Amino acid sequence: MKTTAVIELLVESLRTGQSVDVSELADRMISAQDFANLVSGRSVVPRDEIHPRGLRVKGLHITGDIDWTHDRWSAVHLEEAKFDGPIWAGGLRVDGEFAIINSQLHGVEFFDAR
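What counts, and at which threshold
Residues numbered from 1 in each chain as written. Predicted model: local features only at pLDDT ≥ 70, side-chain atom pairs only at ≥ 80, totals over all residues. Heavy atoms only, no water. Pairing = 2+ DSSP bridges. Helix = DSSP H or I, 4+ residues; strand = E, 2+ residues; numbered from the N terminus. Phe/Tyr/Trp six-rings, centres within 6.5 Å; stacked < 30°, edge-to-face > 60°. Buried < 20%, exposed > 50% of the residue type's maximum accessible area, 1.4 Å probe, protein only. Salt bridge = Lys/Arg side-chain N within 4 Å of Asp/Glu carboxyl O.

**What about the sheet that holds strand β5 (residues 66-67)?**
Read across the sheet, three strands follow the order β5-β8-β10 without closing on themselves; strand pairing throughout is parallel. This sheet does not close on itself; its edge strands, each paired only once, are β5 and β10 (108-109).

**Concerning the packing of aromatic side chains**
All told, the structure shown has five aromatic pairs when counted by the stated rule. Consider the rings of Trp68 and Trp73, whose centres lie 4.7 Å apart with planes at 65 degrees: the pair is edge-to-face. Summarising the burial analysis for this pair, Trp68 and Trp73 share the class buried. Pairing Trp73 with Phe98 gives two aromatic rings, centres 5.9 Å apart and planes at 55 degrees, and the pair type is tilted. Taken together, the positions of Trp73 in strand β6 (residues 72-79) and Phe98 in strand β9 (residues 93-101) put the pair 25 residues apart, joining distant regions of the chain. Assessed through its relative accessible area of 0%, Trp73 is described here as buried. Looking at Phe98, the relative accessible area reads 27%, which means it is partly exposed.

**Some points on the pattern of salt bridges**
Counting across every chain of the model gives five salt bridges. A salt bridge links Asp95 to Arg47, with the nearest nitrogen and oxygen atoms 3.0 Å apart. Of this pair, Asp95 sits in strand β9 while Arg47 sits in the loop between α2 (32-40) and β3 (55-58), and the two are 48 residues apart along the sequence. Asp95 gets classed as partly exposed once you look at its relative accessible area, which sits at 34%. We note a salt bridge from Glu80 to Lys58, for which the minimum N-O separation is 4.0 Å. One end of the pair, Glu80, is in the loop between β6 and β7 (82-83); the other, Lys58, is in strand β3, with 22 residues separating them in the sequence. Counted as one network, the salt bridges with shared partners bring together Arg47, Arg72 and Asp95.

Geometric descriptors of this kind do not, in isolation, establish any biological role.
Next comes the structure, spelled out in structure tokens:
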């Protein structure tokens, strides 16, 4: 995963549980795969170092195929996010809150998600 300003802010949020606003960044994009790797603890911030409040971000743009089927994440709160495609998240497990608020979605499937 290439380190960018948006990645640095997301890592900060994961470690502190504080909200970050990336809406004013020139490049506020992250691939769906890199996003999943961050919030699952598979890269950069290990799962045991993620704050209990998880990721809290405003203005993120998630790109690419969004297949989060059978993934396991920390808590996630997305506000004013943009998703390039539909979200497939059957069997997704989230440890805490999962919220998508005032965001642009092209469809979502959360079959058997918890």
